[in-house]
Amino acid sequence: MNYISLIEYLPYIFEGLLWSLALVLGGLGIGFTIGLPIGTMITYSDKYTKFILNVYIWIFRSTPLIVLLFLFYWGVFPNIGLKLSPLITSIIVLGLRSGAYQSEIFRGALESIDEGQILAAYSLGMSKIQAIISITIPQALRISIPSLSNEYAILLKDSAICFTIGVLEVLTRARIVSIATGIALIPYLIAGIILMMMTYIGLKFFHTVYKKTVIPGLIEGI
Amino acid sequence: MISDTILNVVDLHKKYGDSIALDGVSFRVRKGETKVIIGPNGSGKTTLLKCLNLLVKPDKGRIWLGNIEITDPRININKIRRKIGFVFQDFNLFHHLTVLNNVMIGLVKVRKLKKHQAYKKAVDALSTVGLDNTLYHKYPAQLSGGQKQRVAIARALAMDPVIMLYDEPTSSLDPQFVNEVLQVIRKLAKNGVTSIIVTHQIDFALEIADEIIVMHKGRIIESGRPTELLSNPQNILTKKILIRNFRTLR
Amino acid sequence: MDFWSNFLINLVQGLTTTLQILVISIPLSIITGFILGFARVYGNKIIFYISTGISTTFRGLPLIVTLLILFFGLADLKIYLSPFWASILGFTLCGGSYISEYVKGAIQSIEQGQAEAARALGMNKLQEIIYIILPQTLIRALPGVSNEIIYMIQYSSLSFVIGVKEIFSVAKTFNSLYFRSIEIFTTVAFVYLLLIAIATLVFKIIENKLKIT
């Protein structure tokens, strides 16, 4: 057990933070870009569209992340001729999965907005699309912030799973260090603590955004 | 077609499942007229009003707004709705927008006015309903019920509609706020705004209506000027409805 | 033996191991969750801090890190757990922590009046908890618990990193031997989807049964 090298390797583990961040933010971003339109479509369109979209959601929510990672990394991407790095593959897969979860979040938020808002929009002569874009989506976005912060926390933990296809985030590096030094407990604990800290900071950020976008006077839940 | 008829409603029918909401309703509204619709709950009043701007699609019947038949399926309904002002019982102000933006949004997004034009019209409408600039940047949740409903009226009014429809405008208000809203409606009616008001406030109806329409079980059972209805109601139900709600009538 | 028969036979063996893990972990995590949840609501200062500490830690740590610490990390301290039991411990702690959140929420959603009525009848605290609070908690926590169990079915795949020969490890092995990735992983995905569909159905039935009472 080589304790001296361990200390030298610590910065190496901390560097992984950048990769972890890339995974989470990339996944969250792609998820948002997919999830908002899909959630909106599921709330407002016909049953055939709903059905197809629900199939996508069901597949990406129910399949274990690790199966999706391997499926895309070893199967799908090579077969369509794409040679993507583990990092990019992971971001895409995390994004597709988060998109499925986020579409459910936005669907719930849109459905919770009372019908009167849309009726009023129609009464002014707005078309369905105008009403959705100007009236319901802005409100839904704000309602969704707590659920989105939860999604961020989940994504951060899922990012650690990407170590199985070799992305150089904190856990992978911790594993490398543990093999190099023969010490397992400390590197893994450190990786865990780094991830927990990232979660904590992220949640605080979301909470601040939530507070700053409060609609004055409106009591939550009413 | 009489040239100053703003609204012509012919034989409207509407069923929800097995229950009949409208059972052959017809009437006509002239420019500047104030029509008040009264009747017990479930008589179809709200359904009728919502059919007039096609928030509810009637099963049968035709409606003309001026010369345009709005029940024609080929019509662009959004263009029609701009010309009809609708005030909801529950206000339905947009939660996430300030008072000013609530009134401006229709002007900007639907009528495509430039911001400064919209601002002017919004300020005009808001002052007509008696709200000054101290409230412009407040959000609906910070207002009293009476203020909210007045903003809702301003929002509809700012669009320069040819007719204003009020769906039980004071039913959701605490008693102390009812008057300020009725005052606004009264003022607009006196200024010649063509209006249809659905209400339970019989005294108010008798005071400002050019014609009162009495509905029961989806039908118009009687209609006429307030004085006629009071002195010579044709229908027993009319008398019942008036007496139940009008305090000094015996 | 051709690819498919070989693969499927091994897959079934892996499935057996997965089911063994789940059958033990799920009840254990529910019990842990309820204990932690009630401890966080009714416990004194010490119990509250310990249970909240456990719950926060294992919800904050990714499951995969927990598993690695329990298997490799504890080995540093000369505590040797088998892959199988390390997985069960990991799932119990992680799942239990999440369930304790749902339980805590469920207890707190039961109005004051219930407890007051119980005490007005003369029940002591323990009776109040057992006869009034607990039954209602079971019903209210059910959606959260079933949600968590579905997560556990998905994340059971992670135990392969500490060497458990469950479904995913079979897939990984066959992938490195045959490289028929799409077929292998799509089949595995399908197996998990099936397991989750069954679990969801079971929970719907339980929910309906409880609604009638």
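Keep in mind that this is a model prediction, so the values were computed, not measured.

### Topic: the overall build of chain C
And step 1. What chain C contains, in helices and strands, is eight helices and zero strands.
And step 2. Written out in order from the N terminus, the α and β elements of chain C read α-α-α-α-α-α-α-α.
And step 3. The dimensions of chain C, computed from C-alpha atoms along their principal axes, are 70 × 45 × 20 Å.
And step 4. Pairs at least 24 apart in sequence give 74% of the contacts found in chain C among residues at least 6 apart.

### A short note on the overall build of chain B
And step 1. Helix and strand counts for chain B come out as nine helices and 10 strands.
And step 2. At 18 Å, chain B has a C-alpha radius of gyration in line with the 18 Å of a compact globule built from 250 residues.
And step 3. Counting only C-alpha atoms and orienting by the principal axes, one finds that chain B spans roughly 55 × 45 × 35 Å.
And step 4. Residue burial in chain B is summarised as follows: out of 250 residues, 46% are buried.
And step 5. For chain B, the share of sequence-separated contacts (at least 6 apart) that also reach a separation of at least 24 residues comes to 65%.

### Some remarks on the interface of chain C and chain A
And step 1. The partner chain A presents 27 residues to the 29 residues of chain C that form the contact.
And step 2. Secondary-structure elements contributing two or more residues to the side of chain C that touches chain A are helix 3 (63-76), helix 6 (125-155), helix 7 (167-178) and helix 8 (181-212) of chain C.
And step 3. Its residues assigned to classes, the side of chain C that touches chain A comprises 21 nonpolar, seven polar and one charged.

### Considerations on the interface of chain B and chain A
And step 1. Every contact between the two is made by 21 residues of chain B and, on the other side, 19 residues of chain A.
And step 2. If you list the elements that add at least two residues to the side of chain B that touches chain A, you get helix 2 (77-81) and helix 3 (99-110) of chain B.
And step 3. At four residues, the largest contribution of residues to the side of chain B that touches chain A is made by helix 3 of chain B.

### Re the environment of Arg30 of chain B
Residue and element names in this part refer to chain B.
And step 1. On the secondary structure map, Arg30 appears in strand 2 (residues 19-30).
And step 2. Sequence-wise, Arg30 and Val123 are 93 residues apart; in three dimensions their C-alpha atoms are separated by 29 Å.
And step 3. Setting aside residues no more than four positions away along its own chain, Arg30 makes contact with Asp4, Thr5 and Ile6.

### As for the nonpolar core
And step 1. By size, the foremost hydrophobic cluster in this structure holds 106 residues, and its most contacted members are Ile64 and Val65 of chain C.
And step 2. Counting residues per element, this core draws most heavily on helix 1 (residues 3-44) of chain A, which supplies 12 residues.
And step 3. Contacts of Ile64 of chain C, omitting those with residues within four sequence positions, involve Ala160, Ile161 and Leu171 of chain A together with Leu158 and Val161 of chain C.
And step 4. One finds Ala131 of chain A together with Ala122, Met159 and Leu242 of chain B within the second-largest nonpolar core, a separate group that totals 80 residues.

### Topic: helix 1 (residues 45-52) of chain B
Residues and elements named next belong to chain B.
And step 1. Burial analysis of helix 1 places seven of its eight residues in the buried class, which makes it a mostly covered element.
And step 2. Looking only at helix 1, the buried set comprises Lys45, Thr47, Leu48, Leu49, Lys50, Cys51 and Leu52.
And step 3. Two residues or fewer past helix 1, Leu54 is found with a positive phi of approximately 55°.

### A closer look at the sheet that holds strand 3 (residues 34-38) of chain B
Residue and element names in this part refer to chain B.
And step 1. Spatial ordering of the open sheet is given by 6-7-8-3-9-10, a layout of six strands whose pairing is mixed. In the strand order of this sheet, the two ends are held by strand 6 (84-87) and strand 10 (219-224), each with one partner. Direction aside, the axes of adjacent strands within the sheet are offset by 15° on average.
And step 2. Here four bridges tie strand 7 (residues 163-167) to strand 8 (residues 195-198), and the two strands are oriented parallel to one another. Each residue of the ladder has a partner; that of Met164, found in strand 8, is Ser195.

### Observations concerning helix 8 (residues 185-212) of chain A
And step 1. Across its 28 residues, helix 8 of chain A extends 41 Å between first and last C-alpha, which sits within 8% of the 40 Å expected from 1.5 Å per residue.
And step 2. Within helix 8 of chain A, burial applies to Ile186, Pro187, Tyr188, Ala191, Gly192, Ile194, Leu195, Met196 and Thr199 of chain A.
And step 3. As for helix 8 of chain A, its buried residues are in contact with helix 1, helix 6 (128-161) and helix 7 (170-181) of chain A together with helix 2 (45-60) and helix 3 of chain C.

### With respect to the sheet that holds strand 1 (residues 5-16) of chain B
Residues and elements named next belong to chain B.
And step 1. Overall, antiparallel pairing links the four strands, which are arranged 2-1-4-5 in an open sheet. Unpaired on one side and paired on the other, strand 2 and strand 5 (68-69) mark the two borders of the sheet.
And step 2. Helix 1 contacts strand 1, strand 2 and strand 4 (60-65) of the sheet and is inclined by roughly 125° relative to strand 1.

### Brief notes about the pairing of strand 10 of chain B
Residue and element names in this part refer to chain B.
And step 1. Note: strand 9 (residues 211-216) against strand 10, five bridges, orientation antiparallel. Bridge pairing in strand 10 links His216 to Arg219.
And step 2. Count of turn residues in the strand 9/strand 10 antiparallel hairpin: two residues, of which Lys217 carries a positive phi of about 50°.

### Overview of unusual backbone geometry
Residue and element names in this part refer to chain B.
And step 1. With a phi close to 55°, Asn92 is a non-glycine residue in the positive phi region.
And step 2. Following the sequence through the fold, Asn92 ends up in the loop between strand 6 and helix 3.
And step 3. Given 23 C-beta atoms within a 10 Å radius, Asn92 is considered buried.
And step 4. In this model, Asp160 sits at a positive phi of 55°, which is unusual for a non-glycine residue.
And step 5. Within the element layout of this structure, Asp160 appears in the loop between helix 5 (145-157) and strand 7.

### Digging into the confidence of the model for chain C
And step 1. Taken residue by residue, chain C gives an average pLDDT of 90. The fraction at 70 or more is 98%.
And step 2. Overall fold confidence (pTM) sits at 0.82, and the ipTM for the predicted complex is 0.86.

### Brief notes about the packing of helix 1 (residues 3-42) of chain C against helix 4 (residues 83-109) of chain C
Residue and element names in this part refer to chain C.
And step 1. The interhelical angle for the contact between helix 1 and helix 4, taken along N-to-C directions, is 40°, at an axis separation of 6 Å. Relative to helix 4, the element helix 1 is oriented oblique. With respect to the hand of their crossing, helix 1 and helix 4 are arranged in right-handed fashion.
And step 2. Considering only residue class, the contact of helix 1 with helix 4 consists of 13 nonpolar, 12 polar and two charged.

### Thoughts on the pairing of strand 9 of chain B
Residue and element names in this part refer to chain B.
And step 1. Among the six residues of strand 9, five are classified as buried, and the element is accordingly described as predominantly covered.
And step 2. Pairing of strand 3 with strand 9, which is carried by four bridges, proceeds in the parallel orientation. What sits directly across from Val36, in strand 9, is Ile212.

### Quick notes on the packing of helix 3 of chain B against helix 4 (residues 115-128) of chain B
All names here are of chain B.
And step 1. Interhelical geometry of helix 3 versus helix 4 gives an angle of 130° and a closest axis separation of 9 Å. The angle between the axes of helix 3 and helix 4 places the two elements in the oblique class. For the element pair helix 3 and helix 4, the recorded crossing hand is right-handed. Together, Leu100, Val103, Met104, Leu107 and Val108 of helix 3 and Lys115, Ala118, Tyr119, Lys121, Ala122, Ala125 and Leu126 of helix 4 make up the contact between the two elements.
And step 2. Here the contact of helix 3 with helix 4 is built from residues that sort into 10 nonpolar, no polar and two charged.

### Things to note about the environment of Glu15 of chain A
And step 1. For Glu15 of chain A, the location among the structural elements is in helix 1.
And step 2. Along the backbone, Glu15 of chain A and Arg175 of chain A are 160 residues apart, and their C-alpha atoms lie at a distance of 14 Å.

How each quantity is defined
Residues numbered from 1 in each chain as written. Chains lettered and ligands numbered in written order. Predicted model: local features only at pLDDT ≥ 70, side-chain atom pairs only at ≥ 80, totals over all residues. Helix = DSSP H or I, 4+ residues; strand = E, 2+ residues; numbered from the N terminus. Contact = placed C-beta atoms within 7 Å. Rg over C-alpha atoms; globule rule 2.2 N^0.38 Å. Buried ≥ 20, exposed ≤ 12 C-beta atoms within 10 Å, placed from the backbone. Nonpolar A, V, L, I, M, F, W, Y, C, P; charged D, E, K, R; others polar. Core = buried A, V, L, I, M, F, W, Y, C linked by C-beta atoms within 7 Å. Pairing = 2+ DSSP bridges. Axes fitted to C-alpha atoms, helices over the stretch in contact; angles between N-to-C directions. Expected span 1.5 Å × (residues − 1). pLDDT = per-residue confidence, 0-100. Parallel < 35°, antiparallel > 145°, perpendicular 65-115°, else oblique. Left-handed = near helix turned anticlockwise from the far one by under 90°.

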